[in-house]
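Listed here are the chains, written in short residue letters.
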Amino acid sequence: MTETAYFLPMHHVAFVVYPGFELLDMSGPASVFTSANRSLALSRKPPFYAVDLVSAAGGPVTSSSRVTVETRSLEECARKALGTLLVAGAEREYLLPALAEPAWATWLPKLAGKAQRFGSVCSGAIILARLGLLDGHRVATHWDACRPLAAAFPTVAVDSDSLYVVDGRLWTSAGVTTGIDMALAMVARDLSADIAGEVAKRLVLYARRPGYQSQFSPLLRAQVKADSPFAELIAWILANLDAPLDVPVLADRAGLSERTFHRKFGAATGQTPARFVETARLDGARMLLCRGLSLKSVAAEVGLSPATRFTEAFERRFGVSPRLFRQMHADP
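Residues numbered from 1 in each chain as written. Predicted model: local features only at pLDDT ≥ 70, side-chain atom pairs only at ≥ 80, totals over all residues. Heavy atoms only, no water.

So, on to the packing of aromatic side chains. Aromatic ring pairs are defined here through the distance separating the ring centres and the angle between the ring planes. According to the stated counting rule, one finds nine aromatic pairs in the structure shown. Look at F230 and F261: their rings are 5.7 Å apart centre to centre, the planes differ by 90 degrees, and that puts the pair in the edge-to-face class. You can see F230 sitting in the loop between helix 9 (218-225) and helix 10 (231-239) and its partner F261 sitting in helix 12 (residues 258-269), a full 31 residues away along the chain. Taken together, the ring pairs connect F15, F33, F48 and Y49 into an aromatic cluster. A cation over an aromatic ring shows up here: K110 above the ring of W107, its NZ or CZ 4.9 Å from the ring centre. Positioned above the aromatic ring of W171 is the side chain of R117, whose terminal nitrogen or guanidinium carbon lies 5.5 Å from the ring centre. (Phe/Tyr/Trp six-rings, centres within 6.5 Å; stacked < 30°, edge-to-face > 60°. Helix = DSSP H or I, 4+ residues; strand = E, 2+ residues; numbered from the N terminus. Lys NZ or Arg CZ within 6 Å of the ring centre and 35° of its normal.)

Rendered as structure tokens:
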């Protein structure tokens, strides 16, 4: 964004909350926006973001952690120009009552329609989906809500791998802290990558994680699913991505028949062996591309040669060519 952008009218950010909402879904991204204002102030520039908390009727709203916040009403919010509208998520016991709130249908479609961008953090996507605001879009949500969201709303393309997804004006993030990653991406787009980096440093974040990064690595997915009996095999897979990794090879290494291995591996990891191996290879490829390696070298190192095969698999999974990905993310 050009220098003159800093002198545009303030960008109004509204977080939609309700009883039992997840506090970090709101407070994490809100801290990113207010920290961006601080970075601007240090450069003697005026603030860019104005943050509001919004609820159905306004007034105090208590989060699941028992912290109470003061909010404006949706009706009051509708009277303002709106830059960003984000719906916070919640655990199931709080989200289900929230879905019955009649004010959502009255005001959220109007606010989403007038906002420069709108979206959700974590399971807040379910509220937007209930209103038809996600139809035909690709979205992210908490890993635990991916299947229910996809099953209940078949016109919504649920991306269970990404930390956050940008689909036109729609921005959606996965679980809780990924709202911070998404907010940093918004700051980078609104202001500059330098300011987003300053915010990440000020908030002592380990790194600015890009949206394509998986919510879980293949190994962690397996560990979350169960105390995997295949932990040693998975470690070997990740260390030997350039080796033949078909079912006969993996079953033999695991000491199981192919049929038994396929069944038990799927139960332990939640993925077929082929899907797991491809995910591991593509995750490895992204890291190598970030180092600026050639497509031919990356394809060979992760066992996806020739480069045409690698390119097809990469584009199918991430919706972008590996060449463009490298241009966007390689270290300078």
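To continue, consider the packing of helix 7 (residues 178-190) against helix 8 (residues 193-202). For the pair helix 7 and helix 8, interaxial distance at closest approach is 7 Å and the crossing angle is 145 degrees. Contact with helix 7, carried on its side by L184, V187 and A188, involves A193, I195, A196, V199 and A200 of helix 8 and no other residues of that element. Across the contact of helix 7 with helix 8, the residue classes break down as eight nonpolar, no polar and no charged. (Axes fitted to C-alpha atoms, helices over the stretch in contact; angles between N-to-C directions. Contact = heavy atoms within 4.5 Å. Nonpolar A, V, L, I, M, F, W, Y, C, P; charged D, E, K, R; others polar.)

The buried count for strand 2 (residues 49-55) comes to five of seven residues, which makes it a mostly enclosed element. Judged from the six bridges that link them, strand 1 (residues 11-16) and strand 2 form a sheet pairing that is parallel. The residue bridging V13 from the neighbouring strand is V51, located in strand 2. In the sheet, strand 2 pairs with strand 4 (residues 68-73) via two bridges, with the strands oriented parallel. Bridged to V54 within strand 4 is R72. (Buried < 20%, exposed > 50% of the residue type's maximum accessible area, 1.4 Å probe, protein only. Pairing = 2+ DSSP bridges.)

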